[in-house]
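Per-entry structural report
Spelled out, the chains give:
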Amino acid sequence: FLSCSRRNYEAELQRCRPEAAPVEFGDYHPLKPIMVTDTKSRRGARKGSTSSSSSSSSSAPADPLSSMLDGTDPLSMFAAASVSEAPAMTHSASTGKKREKEEEVVGPDFEPWSSKRGEILARFTTTEKLSINLFMGSDKGKTCGCILDLPVCMCVQGSQRELLNLSQQDYANRIEELNQSLKEAWASDQKVKALKIVIQCSKLLSDTSVIQFYPSKFVLITDILDTFGRLVYDRIWTMCSDPRPLPDSFTVDDVNDTAKETCLNWFFKIASIRELLPRLYVEAAILKCNRFLNKTGIQETLPRLTAMIRGIGDPLVAAYTRAYLCRVGMEVAPHLKDSLNRNFFDLLGTFRQVSGESVQNQLVQQRVEVPEYLTLYSPAINWILQCIAYRAPEPLLTEMMERCKKLGNNALLLNSVMRAFRPEFVAARATDFIGMIKDCDEAGFPKHLLFGSLGRSLACADPPESERLTILNEAWKVVTKVRSPQVEYRCYDYICDHTFYYVSITFIHLSFISRSQKREVNTVLADIIKHMTPDRAFEDAYPQLQSVIRKILTYFQDFSVLFSMERFLPFLDMFQKDSVRVEVCRSIMEVFIKHQVELTRDPVILNAMLHICKTMHDSVNALTLEDEKRSLALLIIGFIRMVSFGRDFEQQLSFCVEARATFCNLEPVLVQLIHTVNQLAMETCRVMRGSHSRKTAAFVRACAAYSFITIPSLSSIFSRLSLYLLSGQVALANQCLSQADAFLKAAVGILPDVPRSISVEGKLRSSESFLLDFINNFLATLLVVPDHPEHGVLYLVRGLLNMVQDYTWEDNSDAKVRVYVSALPLLAAMSQETYLYSIPKVDSNETLYGGDPKFLSEINKLCETLIGQILDNLKALGRDEVRQEPAHCYVFSSCAPTSFFLPPLQQSTRRQGALAFSLFGVLLAHGDLRNNKLSQLAVNLWNLCHKHGYCETGISVSFHTHSRCSTHIS
Amino acid sequence: MSVTLDIRLKRANKVYHEGEVVAGVILLVCKEALQHHGISLSMEGLVNLQLSSKSVGVFEAFYNSVKPIQLISSNIEVAKAGKVPAGKTEIPFEFPLITKGNKVLYETYHGVFVNIQYTLRCDMKRSLLAKDLSRNCEFIVHCQPQKAKVVPTPVNFTITPDTLQNIRERSSLPKFLIRGHLDATNCVISQPLTGEVVVENSDVAIKSIELQLVRVETCGCAEGYARDATEIQNIQIAEGDVCHGLAIPIYMVFPRLFTCPTLETTNFKVEFEVNIVIVLHDDHLITENFPLKLCRV
């Protein structure tokens, strides 16, 4: 009944050789827009099917996706657009300042106040109780708003309110409330009330009762002042922009009289504020409004305000007032450097007050130590110096330095100078600075802080080449002497952590630039360990320690050197908090993957890396996110790929065994390990040129065994399936027949477990297409697998087909039949005298059976059964159609909701047509059409698939021609 | 039915000088047409004098108040009886600021016992059933700038325990030396009072240094005259224990309306003084007084 056509693969291959030029591999890239080269035939026609060879790729136009995108990725287009937009935006924003003086605009390299804000708030905290003493007027005050310049303090008849016992958080909330009520008062046109709020708030700044909190208080209250300044400015601005908005670069002449009068009114009102501090702050807050009045207003006001600050007795309050004035000055008139300098010189001039009686009394009263008190100054002084140092000429900085030196070489000032000035400047004078640090007066200000600041600069800029070693030695000498006792350490733990970190970073940096690397760094690490271990001090310093690691990693890219530092791993051990530890390991791994170019077998590296990877792996638990797992797995895989023992395959295998034991929780790693082992087996095969010795044969069997016992531990069924198949192929290639058999059998064995839907990228999708792909692939492999001597003929094929039959396919799907259809070419190929492909040194069925008629008839029987099954199915579909026709009418007449996308009739006929057509194709390609029955069947199928016209004409026409010519040939 | 009546002066700062024209508009806003019996506008400049109860006794102060002195007065009829159309109506007006005879227009001044004030008053007469409407508007007169040039003459001062008067126990005084100068005591009213003060040394911590601006008003009357000094404003220039040897600026803006060029007439006088007040930590007050002569240039 049925016979397969005899094939001459060689001849067919010759005939089907592509005539056109093949794809040029030189510029071939899978992700490039597809270049269509007309290949008449699919390359490497493995299954020997030429029938469907006029494949779609030949006539396809350029890839629709790439043609639509016109070669440019839309994301990168957006990115490019935003890049070109961004400068334009900043440009328009900065034009306001540009007008002032083109060359002195504050650039983006000026660290803005906003970035300091948070730091100060976080740093200066207190647990003491705070109080807000507000002397708020009643609303009566607003009547004297108008034009009259009643001194504000005179018309206040309100109540005094004192809020006591506030915690720091309450205090901040209160201030924020005030900020809100300021905005509300302003919005409801109660300008006097708004002013009163601002005055009362700035008055709070003269209160130094909880001095540790003062810097934070300053930050909170100056926020309110900023709000106020903005409100006033905007108000006057809108008054002038009546017909059309005022240009950014307006002059006094553009301002109308009403606006000027209002502005003047504000200044008169503020000038009559009784207390010094509020008057200063509020006037500074609206400094910018001077622009509405006259050209030189700001220029004259700044020096005056600067001088007025001298009237503030408390040095801390004065320092912060100066900082505020500098800040406003930098914002409004960055070109007026003189008053900045003036401020700093005044600050220096009054600095002796710090040791004065009133300050000392206050400290005793509040039980604050001098060193702690001094650190309260640093934000203010740092800010002032930053303003001064910004784009300042070298001589000015030198002058500043000299002045500080003259002033008894105060440690606090020195510290601020080092922090504020350009790192290059400091680095160039590093020796000087070390000298100054050495003989500076240590009044309460610990020296290691100074080294910390110096280190900070040196970490950014390199000192002159010739001095490096001297600096390193000098600094090291001092620092080792400054081993402060434990008590002191605990007391300044904030400070000490930071310092220590900077000091360490510096030394690591220094040792690098002075090229003495490993030994010094090791010493530094040892030192850090020594300092941080007692009392578990490292627990508070994780961020700093992490940066130390990062710094080291940027310099050490040779991991054998890195790991040979004996202190490195103990250093790592200090990270005892899991999350931090993993973070650190991760950063090490990232650097490793990035910079390790050569494969390695260095036991030092391997041990250390295994340890690190194990740490990462052990952090995985049930709560770990998928993403996290994936990235960890990627890092570990990166490491595994870098390991190679060269020709020492056994060592490699044992490494894999160890790795498997270590990383058992991360599936991607296991998959990688199986691939590695498979690759190892193939490598062995390559080395032995295909013929294994007894020893290598045993080794590849061991590899197979490794895979065989590893695969079942994977949870993803498809990775198991594909790995079974792959490992089976590898085993086959290595002549391990029974192993290959076992792999394939195992694959068939788990087929029924394949769920009908799997989750792909978080979405549930039908697994059918994956399964079909796998089965087709599997069938292709089965061609070369020799039958097991103890089992029957075509044991695996039958097993597979049985599984397919028993598998619960989706309803209304032809997947099963399609598997049958695709099994037919395999059977056809198996019946050939010489197989299309074979594996060297493995005898396939062709040799085993040698074309035995019994074998052939067995195949034929199988084919017959399959075709029978297929035809049954076709018939069933046809029956559906007959049966459903009246139902179909009924559905439409009753207008009942229908759950089918297509009317059932169309659906089943379409399916029928498609199936018939594919069977027809297979018969045409592989069947012997001289057999009458078969040709009759083919004709019937042809008619069937054209009956409903669901066939693509183009394809069917090409089939038609093909069938004619093949008939002709035969 | 709502009507609003307003007077809008042309100058935003409302400042005029003698001989100038006070110009502006009367603004009427009503929703419906408005019947009225005439709108009139008057301008008046007055000096109000009041005797303080301190110098002449409560009874006299109440009854014997001095008659106000009229400096300028004029009246015009803006509109005859008729109708104002609905919506916004602006009626412009002008008053020349010229005195009759040899009267002088003194500068606007708001004090305690002496008040010099210029007002515009707009009245709208209406029928018996509706209330008359009226609106006042103050404008400010600055006197003619002084012809003679003001040459600033700095005034130096030194304060030590020995320079003090008015103390009980000189022996209990702490030691201190405060030096300084005012850049001028004949000041231009539109410019701030400036100078410097230096705390050279002080045994007791300083709590505060303040500038106290004082007005001295003298009113003549049948029984003689009353002279009263009252504070206008107090400006703190130093707070807390200031750094010794460092010059602290003296800076005070003269408040508008509450100060005027020093004025001396037959009936009343307005003069100004400034006190430098040093408050010691034990709340001792040290005051140094400087009479000022204000003028306008």
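Conventions and cut-offs
Counting restarts for each chain: residues are numbered from 1 in the order of the written sequence. Following the order in which they are written, the chains are lettered starting with A and the ligands numbered starting with 1. Note on the predicted model: pLDDT of at least 70 is required for a residue's local features to be given, and 80 or more for side-chain atom pairs to be given and counted; whole-chain, interface and lining totals, by contrast, use all residues. Calculated side-chain values reflect all of the structure's heavy atoms, with hydrogen atoms and water omitted. UniProt positions are given in the numbering used here, feature names are shortened, and annotations may be inferred rather than shown by experiment. Structural elements are reduced to axes, namely lines fitted to C-alpha atoms, with helices fitted over the stretch in contact, and the angle between N-to-C directions of any two is expressed from 0 to 180 degrees. Numbering of helices and strands runs from the N terminus, with a helix taken as a DSSP run of H or I at least four residues long and a strand as a DSSP run of E at least two residues long. Comment on the angle field: the value is read as roughly parallel under 35 degrees, roughly antiparallel over 145, roughly perpendicular from 65 to 115, and oblique elsewhere. Put simply, a crossing is left-handed when the front helix is turned counterclockwise from the back one by less than a right angle, and right-handed when it is turned clockwise. Contact criterion: two residues are considered in contact whenever any of their non-hydrogen atoms come within 4.5 Å of each other. Any residue that is not Ala, Val, Leu, Ile, Met, Phe, Trp, Tyr, Cys, Pro, Asp, Glu, Lys or Arg is counted as polar, Gly included; the first ten are nonpolar and the last four charged. Here the buried area means the combined drop in accessible surface, using a 1.4 Å probe, for two parts upon being joined, counting both sides. Salt bridges are counted wherever a side-chain nitrogen of Lys or Arg sits within 4 Å of a carboxyl oxygen of Asp or Glu. The term polar contact refers here to a pair of N or O atoms within 3.5 Å; inside protein, the definition further demands a hydrogen-donor-capable atom paired with an acceptor-capable atom, and it admits residues adjacent in sequence only when both atoms are side-chain atoms. Strands were regarded as paired on the criterion that DSSP finds at least two bridges between them. Known as pLDDT, the predictor's confidence for each residue is given on a scale from 0 to 100.

- Chain B carries the name Vacuolar protein sorting-associated protein 26C in an unreviewed UniProt entry, which gives Dicentrarchus labrax as its organism.
- The heading Subcellular location (unreviewed entry) in the UniProt record of chain B holds the text "Endosome".
- In its Sequence similarities (unreviewed entry) section, the UniProt entry covering chain B states "Belongs to the VPS26 family."

- Per an unreviewed UniProt entry, chain A is named VPS35 endosomal protein-sorting factor-like, and its organism is Dicentrarchus labrax.
- According to the UniProt record, the Sequence similarities (unreviewed entry) comment for chain A is "Belongs to the VPS35L family."
- Under the Subcellular location (unreviewed entry) heading, UniProt states for chain A: "Endosome".

1. Here's the deal with the packing of helix α30 (residues 603–618) of chain A against helix α31 (residues 626–642) of chain A
All names here are of chain A.
- Orientation of α30 relative to α31, taken along the N-to-C sense of each, is 165°, at an axis distance of 10 Å. By the angle between their directions, the pair α30 and α31 is classed as roughly antiparallel. The handedness of the crossing between α30 and α31 is left-handed. Facing α30, whose interface residues are L606, M609, L610, C613, M616 and H617, α31 presents L632, L635, I636 and F639.
- Looking at the contact of α30 with α31 residue by residue, the class counts come to nine nonpolar, one polar and no charged.

2. Considerations on the interface of chain B and chain A
- If you look at the interface, chain B gives 28 residues, while chain A gives 34 residues.
- Both sides of the chain B and chain A interface together cover about 2600 Å² of buried area, and 58% of this is carbon and sulfur.
- Seen at the junction of chain B and chain A, the total is two salt bridges.
- The closest approach of N and O atoms between E261(A) and R256(B), which form a salt bridge, is 3.1 Å.
- Our count for the contact surface shared by chain B and chain A stands at 12 residue pairs in polar contact (both at pLDDT 80 or more).
- If you list the elements that add at least two residues to the side of chain B that touches chain A, you get β17 (224–239) and β18 (247–252) of chain B.
- Per-element accounting of the side of chain B that touches chain A gives the leading share, eight residues, to β17(B).

3. Notes on the sheet that holds β18(B)
Residues and elements named next belong to chain B.
- Strands sit in the order β12-β13-β15-β18 across an open sheet of four strands; the sheet is antiparallel. For this open sheet the edge positions go to β12 (155–159) and β18, each flanked by a neighbour on one side alone. Between one strand axis and the next, the sheet turns by 20° as a mean value, whatever way the strands run.
- Two elements, β12 and strand β13 (residues 176–182), share five bridges in a ladder whose sense is antiparallel. Looking across to β13, one finds that T158 is bridged to R179.

4. Notes on the sheet that holds strand β3 (residues 21–30) of chain B
All names here are of chain B.
- Within the open sheet, the three strands sit side by side as β1-β3-β8. Their pairing is antiparallel. Each edge of the sheet is formed by a strand with only one pairing partner; in this case those strands are β1 (3–9) and β8 (87–96). Taken over all neighbouring pairs, the strand axes of this sheet differ in orientation by 20° on average, direction set aside.
- Of the pairings in the sheet, the one linking β3 to β8 comprises 10 bridges and is antiparallel in character. Residue pairing for β8: L27 is matched across the bridge by E90.

5. Notes on the environment of T227(A)
- Topologically, T227(A) is positioned in helix α8 (residues 214–240).
- If near-sequence neighbours (up to four positions away) are discounted, T227(A) is found in contact with N179(A), L182(A) and K183(A).

6. Let's talk about the environment of Q200(A)
- Among the secondary structure elements, Q200(A) is positioned in helix α7 (residues 191–204).
- Remark: the alpha-carbon pair of Q200(A) and L178(A), spanning 22 residues in sequence, is separated by 9.9 Å.

7. Here's the deal with the confidence of the model for chain B
- With 93% of its residues at a pLDDT of 70 or more, chain B has an overall mean of 86.
- Among the scores for the predicted complex, ipTM is 0.91 and pTM is 0.61.

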